[in-house]
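Spelled out, the chains give:
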Amino acid sequence: MSPDNTTLLYFSPTATTRIILEEIAKGIGKDVLAAIDITKSEIRTQAPPEFGDDLVLIGAPVYGGRLSKDAANYFKTVRASGSPVVLVVLYGNREFDDALLELKNITVDCGFAPLAAGAFIGEHSLSNNEFTIALNRPDEDDLEKAFSFGKQIAGLLGRLENMADLTSVNVPGNFPYKKGMPVSSFPFIDVTDDCDDCGICVTVCPKNAIDETNTWSTIDEHCIYCCACVKVCPRQARILKDSPLRDKAEIISKNCTRRKEPQIFLPEMRS
Ligand SMILES: Cc1cc2nc3c(=O)[nH]c(=O)nc-3n(C[C@H](O)[C@H](O)[C@H](O)COP(=O)(O)O)c2cc1C
């Protein structure tokens, strides 16, 4: 099989998912036809794409052991006609639990044919100066692994005549899935006097949760705690308030210090 093009489809508030998908695509070595970044809510309200023969790389972060809800809800609307797909989740060195299985099940229901899957590690969204978690990941080593995963995918495609020649891609996870993030909303961000109202936080928020006329105010019911606004702030003026998630950041920073490595899942060739 030799799909002519690759398309990337991802939700990635703090960019680690995007970086890994791009590196895998480099390893595959085909032209990237389109990069569909569904992080901003405006994009998620547009008509979803339909895929034919091209190879698609789909990625999203793990939130509470599940796929981020906004990504999952959007992916469910995409249609494909047997298109080969590479499934990728990014997680912050705790666990990816049921997220990759969820991504696989959603994409199969949409009509994709999973070709390979991977769980990679990105700096935890909640990581900050006080509680560091998977700081600066993906790093050089992760990028090398993503590139070599891409090469393996290219090799697999080269040997393959038909997707039916492959066994199913087995990924870890349980169904019914774990509950995921609680739906409760609570104040999460404090803005310090260092804020100069530059507005960059407004532009990166995937949920339009920051009032553009008053960047000091966050709409708690919209916020998904992704920390895009915290990480992008050039003056480090957005900080985590005392909240259940700040407590979680402290616990994870203490309990999840052992470095986890990317895991990849490839199918077998049927004999
Ligand atoms: C609300 C929330 C929940 C998260 N839950 C998990 C989790 O269950 N396990 C984990 O290891 N990382 C978890 N993370 C960390 C992200 O999965 C990780 O930082 C990821 O690299 C972010 O992807 P992005 O850079 O593409 O936004 C969570 C992050 C947030 C914001």
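Since we're looking at a predicted model, the values are computed, not measured.

Procedures and definitions
Residues numbered from 1 in each chain as written. Predicted model: local features only at pLDDT ≥ 70, side-chain atom pairs only at ≥ 80, totals over all residues. Heavy atoms only, no water. Domains from an automatic or database assignment. Contact = heavy atoms within 4.5 Å. Buried area = accessible area lost by both parts, 1.4 Å probe. Helix = DSSP H or I, 4+ residues; strand = E, 2+ residues; numbered from the N terminus. Nonpolar A, V, L, I, M, F, W, Y, C, P; charged D, E, K, R; others polar. 1 Å grid on protein atoms, 1.4 Å probe; cavity = no way out; pocket = protein on both sides within 12 Å on 5 of 7 lines; lining within 4 Å. Points joined across faces, edges and corners; volume = space filled by probe spheres on them. Salt bridge = Lys/Arg side-chain N within 4 Å of Asp/Glu carboxyl O. Expected span 1.5 Å × (residues − 1). Buried < 20%, exposed > 50% of the residue type's maximum accessible area, 1.4 Å probe, protein only. Arc of directions from axis to C-beta. Phe/Tyr/Trp six-rings, centres within 6.5 Å; stacked < 30°, edge-to-face > 60°.

## Examining the domain arrangement of the protein
What the domain assignment reports for the protein is domain 1 (5-176 + 258-265) and domain 2 (189-242). A straight line from the C-alpha centre of domain 1 to that of domain 2 covers 27 Å. The partner domain 2 presents 14 residues to the 16 residues of domain 1 that form the contact. Taking both partners together, domain 1 and domain 2 bury about 1,100 Å²; carbon and sulfur atoms supply 50% of that area. A total of three residues in the side of domain 1 that touches domain 2 trace back to one element, the largest contributor, which is helix H2 (residues 41-44). When the residues that make up the side of domain 1 that touches domain 2 are grouped by side-chain class, the tally is four nonpolar, seven polar and five charged.

## Points about the layout of surface pockets
Taken as a whole, the largest pocket encloses approximately 590 Å³ of empty space. Secondary structure elements with two or more residues in the lining of the largest pocket: helix H1 (16-28), strand S4 (55-63), strand S7 (84-91) and helix H8 (244-255). With four residues, H8 is the largest single contributor of residues to the lining of the largest pocket. Among the residues forming the lining of the largest pocket, the class breakdown is 17 nonpolar, eleven polar and five charged. Per-domain counts for the lining of the largest pocket show at least three residues from each of domain 1 (5-176 + 258-265) and domain 2 (189-242). Estimates place the volume of the second largest pocket at around 460 Å³.

## Topic: the pattern of salt bridges
When their charged atoms lie close together, side chains carrying opposite charge are able to pair. With the rule as written, the count across this model stands at 21 salt bridges. Close ionic contact of Glu23 with Lys26 constitutes a salt bridge, the shortest N to O distance being 3.2 Å. With Glu23 and Lys26 both in helix H1 and three residues apart, the pair spans about one turn of that helix. Lys254 is paired through a salt bridge with Glu250; the nearest N and O atoms lie 3.0 Å apart. Separated by four residues within a single helix, Lys254 and Glu250 lie in helix H8, roughly one turn from each other. What emerges from the salt-bridge pattern is a single network uniting Arg137, Asp139, Asp141, Asp142, Lys145, Arg259 and Glu261.

## Brief notes about H8
Spanning twelve residues, H8 covers 16 Å between terminal C-alpha atoms, matching the ideal 16 Å at 1.5 Å per step. Those residues of H8 not exposed but buried are Leu245, Arg246, Ala249, Ile252 and Ser253. Projected down its long axis, H8 shows its buried positions confined to an angular sector of 120 degrees, all on one face. Exposed residues lying more than 90 degrees from the buried face of H8 are Pro244, Ile251, Lys254 and Asn255.

## Some remarks on the packing of aromatic side chains
Counted under the stated rule, the structure contains six aromatic pairs. Seen in terms of ring centroids, Phe175 and Tyr177 are 4.9 Å apart; in terms of plane orientation they differ by 85 degrees. Their pairing is edge-to-face. Taken together, the aromatic side chains of Phe186, Phe188 and Tyr225 make up a single cluster linked through ring pairs.

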